[in-house]
Amino acid sequence: MANLLRMDLYRMRKAKSFWICLGIAFALALLQTPLAWGLSMVGRMLSAEALPFPGTAQMSDILRDPFLMLNGMLCLLSACSFFYADMENGYIKNIAGQMPRRGFTVLSKYLAILPHNLLFMVAGIIGNLIGTVLFQQILLDGDILDAAVTFLMKLLLIQSICAILLLVTASFQNKSLGTVIAVLMGLGLMSLVYMMIDTGLDQLFKNKAFSVSDYMPDQLLGQLKPPVLDSVLVSLATTALFLPLSVHVFDRRDVK
């Protein structure tokens, strides 16, 4: 298993899609503050009542938002490409045949995606820091510890979403559907689906006191300060459901 994990990490480092997505994610994070500053300048030129661009930024806010702009989608698209690489390149059969259980190859991919997701988050924060310090003074406020907790919650949430993509992309061997889910979840567009589910549940339970979207990992990931308890429980529940299912389905499928 350890050798398989090292091999997966090596293949990830060599994948062009990984470096392209990571580079774009860093560039977008770098450009966020300059773009906001430019739009603010244009607004002030067009209207005297436009608010001036703030001169300071909180370090805690930067730490809380590692998936700014399109970076959540880029991270998940890179994960999809990695999950499907073995099938796409035609050597999954040789790899799976060396394992006591074929499902170990799926488990290895899930473990390998953890440093992958962490790298995307760190790239987002570093890029944002560099872009911000050129236009604003960064203040080390008292919420740094709380922001670090939020960072860890978002790592758990993105990891749980990857468990869903692992089932679709690697176990069901459907990269197209995995890519669609990555785009929808990465951009937070699944809220429309959750709204329809809520509407159906409202018809069944007249006094329903909760919203489905409040407990979906992608929706929690998009919040600046997701609730800690909800994030932990949702992450653990999603991973506990989809990761064993991914291993089980892959074990029973014919590897082509």
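Residues numbered from 1 in each chain as written. Predicted model: local features only at pLDDT ≥ 70, side-chain atom pairs only at ≥ 80, totals over all residues. Heavy atoms only, no water.

**Topic: the overall build of the protein chain**
What counts, and what does not: Helix and strand labels come from DSSP, where a helix needs a run of H or I of at least four residues and a strand needs a run of E of at least two; each type is numbered from the N terminus. The buried label applies to any residue whose accessible area, calculated with a 1.4 Å probe on protein chains only, is under 20% of its type's maximum; exposed applies above 50%, and partly exposed to all values in between. Contacts are residue-level and defined by heavy atoms, with any inter-residue pair within 4.5 Å sufficient. Note on areas: Shrake-Rupley with a 1.4 Å probe; residue coverage comes only from the protein chains shown.
The helix and strand tally for the protein chain stands at 11 helices and 2 strands. Residue burial in the protein chain is summarised as follows: out of 256 residues, 44% are buried. Considering only intrachain contacts with a sequence separation of at least 6, the fraction spanning at least 24 residues in the protein chain is 83%. Taken as a whole, the protein chain presents about 13,300 Å² of accessible surface, with 68% of it coming from carbon and sulfur.

**Regarding the confidence of the model for the protein chain**
Quick note on the threshold: Known as pLDDT, the predictor's confidence for each residue is given on a scale from 0 to 100.
The predicted model of the protein chain has a mean per-residue pLDDT of 89, with 93% of residues at 70 or higher. Averaged pLDDT values for the elements of the protein chain fall to 50 in helix α5 (residues 92-96) and rise to 96 in helix α7 (residues 144-171).

**Observations regarding the nonpolar core**
The test is simple: Grouping buried Ala, Val, Leu, Ile, Met, Phe, Trp, Tyr and Cys residues that are joined through side-chain atoms within 4.5 Å yields what is termed a nonpolar core.
Within the largest apolar cluster, 52 residues are counted, with the highest numbers of intra-cluster contacts made by Leu76, Phe83, Phe120 and Met185. Contributing elements (two or more residues each) for this core: α2 (16-46), α3 (59-64), α4 (71-89), α6 (104-133), α7, α8 (175-186), α10 (217-221) and α11 (228-252). Here this core takes 13 residues from α7, the largest share from any one element.

**Points about α7**
How we decide: Expected span of a helix: the number of residues minus one, times 1.5 Å. We define the bend at any residue as the angle between the axes fitted to the seven residues before and including it, ending there, and the seven starting there.
The terminal C-alpha atoms of α7 lie 39 Å apart, and with 28 residues this matches the ideal 40 Å at 1.5 Å per residue to within 8%. A maximum bend of about 30° is found in α7 at Leu165. For α7, a buried count of 21 out of 28 residues is recorded, marking the element as mostly surrounded by other parts of the structure.

**Points about the pattern of salt bridges**
When charged atoms on two side chains of opposite charge get close, those side chains can pair. Selection rule: Basic side-chain nitrogens of Lys or Arg form a salt bridge, by our definition, when they fall within 4 Å of a carboxyl oxygen of Asp or Glu.
Evaluated as defined, the whole model comprises 6 salt bridges. The partner of Asp8 in a salt bridge is Arg11, and the shortest N-O contact between them spans 2.6 Å. Of the two residues, Asp8 and Arg11 are both situated in helix α1 (residues 2-14); the distance of 3 residues between them amounts to about one turn of the helix. By relative accessible area, Asp8 is classed as buried at 1%. A residue is classified by how much of its surface remains accessible, and Arg11, at 16% relative accessible area, is buried. Ionic contacts of the salt-bridge type, sharing partners, join the residues Asp8, Arg11, Asp86 and Lys109 into one network.

**A few points about a nonpolar patch on the surface**
Under the convention used in this document: By definition, no residue in a patch forms a salt bridge, and every one has over 30% relative accessible area; like charges are joined within 9 Å, nonpolar side chains (Val, Leu, Ile, Met, Phe, Trp, Tyr) within 5 Å.
Among the surface-exposed residues, Trp37, Leu118, Val122, Ile126, Ile130, Val133, Leu134 and Phe135 lie close enough to one another that they form a single nonpolar patch of about 670 Å² accessible area. Residue contributions to the nonpolar patch peak at 5 residues, all from α6. Along the chain, Phe135 turns up in the loop between α6 and β2 (137-139). Given a relative accessible area of 30%, Phe135 falls into the partly exposed group.

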